[in-house]
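Residues per chain are reported as follows:
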Amino acid sequence: MSKTEVVVYANQDLLAAAAAARLVTRLVDVQAAKGSASLVLTGGGTGIAVLAELRASSARDAIDWSRLDIYWGDERFVPADSDERNEKQAREALLDHVPLDPKRVHAIAPSDGEFGDDVDAAAEAYARVLADNAGPEDHGDVPSFDIMLLGLGGEGHTASVFPESPAVYETERSVVAVRNCPKPPPTRVSLTLPAIRQARDVWLMTAGSAKADAVALALAGAGEVQLPVAGARGHRRTLWLLDRAAAGKLTKVYQPPTA
Ligand SMILES: O=C1O[C@H](COP(=O)(O)O)[C@@H](O)[C@H](O)[C@H]1O
C-alpha cells in the first residue's frame, strides 16, 4: 500500500536543503540494499535549487555517483545550449560537479540533436531508453525508478503534463511529445502519468503561495485530467515537500514554528 506524506518547511531555502539531505540518505540506503540507484530529475525553481544544495553538501560524497542512473521527468524541447533546458540547468547546478558515469546519464534529446526538430522522434527515442533500462522485475517498459523528483505549476501541471492536454489522457505510451504548452517554451517531451506511477518514490517539491491551491486540491483528491499533479504518485511512497506558503491552504498538517 502506497503512503502519502506531507512535510512543511519554514521557507524555500530550508526546503531545498532538507530535500538534498533526504536525497543523500535515501540514495545511500538504496545503493546499500541494491548496489545501484536511479533518480529522475525535474526542472523548475525548487528542483534546481535542491540540486544546487546537494552540490554544496559535504555529505554528497556518501553517494556512489558512479552507480547512479539519472533520468528526466520532462524536458523543454530547445537547443542543447539553451538556458531553458532542464538538462543544462541540472548539469550546471550539480551533474557537472560529481563523478557520474556518463553512460548512466539519460538525457532527452534537444531540438538540435540527433532527431533535429522532430519532437515526436525525440519522445519515441526516450521511451526506448526507458524500455532498454527496464528489467524483468519492472513489469513493463519503464524502470521502477527509486526516486522521482517532480515540481508542479499553479494550474496543476507536473512534468510537462498540463491540465486537459492530450498528454493527460495518455494511457499506453511512457513518453510523449507535448505541444502548445501554456507555459513557455511551448514544445516539450514528458513522461506520462502511467510512467510516473512506475516510480517507487515520488517526491513533489514546491514553494510559494502561487502553488497553494494546486497543492490543496491535489491532496484533497482532485481529478488528474483537470489537475495532473493529482495523478503523480509513487507505488511505495508519495512525499510532498513544501514550504509554508505552498502549504498555506492545507489544514491538519504540521506547520513548523516561525523562526
Ligand atoms: O516548466 C517546468 O515547470 C515545472 C515547475 O517549475 P517551477 O519553477 O514553477 O517550480 C517543473 O516541474 C517542470 O519540470 C518544468 O519543465
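Residues numbered from 1 in each chain as written. Predicted model: local features only at pLDDT ≥ 70, side-chain atom pairs only at ≥ 80, totals over all residues. Heavy atoms only, no water.

Draft legend 1. Examining unusual backbone geometry more closely. The omega torsion across Pro 184 and Pro 185 is -5°, close enough to zero to call that bond cis. A positive phi angle is found at Ala 159, which is not glycine, with a value near 45°. Position of Ala 159 relative to the elements: it lies in the loop between β5 (147–150) and β6 (175–178). The backbone of Asn 180 shows a phi angle near 55°, a positive value even though the residue is not glycine. (Helix = DSSP H or I, 4+ residues; strand = E, 2+ residues; numbered from the N terminus.)

Draft legend 2. Local environment of helix α1 (residues 12–34). When the terminal C-alpha atoms of α1 are compared, their 32 Å separation across 23 residues agrees well with the 33 Å that a helix rising 1.5 Å per residue should span. Those residues of α1 that fall on the buried side of the exposure criterion are Leu 15, Ala 16, Ala 19, Ala 20, Leu 23, Val 24, Leu 27, Val 30 and Gln 31. Two to three positions downstream of the cap, the backbone nitrogen of Asp 13 sits 3.1 Å from a side-chain oxygen, assigning the N-cap of α1 to Asn 11. Positive backbone phi, approximately 95°, marks Gly 35, located one or two places after α1. (Expected span 1.5 Å × (residues − 1). Buried < 20%, exposed > 50% of the residue type's maximum accessible area, 1.4 Å probe, protein only. Polar contact = N/O pair within 3.5 Å; in protein donor to acceptor, adjacent residues only side chain to side chain.)

Draft legend 3. Main features of the sheet that holds β5. Read from one edge to the other, the open sheet built from six strands follows the order β1-β9-β8-β5-β2-β3, with strand pairing classed as parallel. Of all strands in the sheet, those bounded by a partner on one side alone are β1 (3–9) and β3 (68–72). The sheet shows a mean angle of 15° between the axes of neighbouring strands, direction not considered. Here strand β8 (residues 201–206) runs beside strand β9 (residues 237–243); their pairing, made up of six bridges, is parallel. Within β9, the residue paired with Asp 201 across the bridge is Arg 237. (Pairing = 2+ DSSP bridges. Axes fitted to C-alpha atoms, helices over the stretch in contact; angles between N-to-C directions.)

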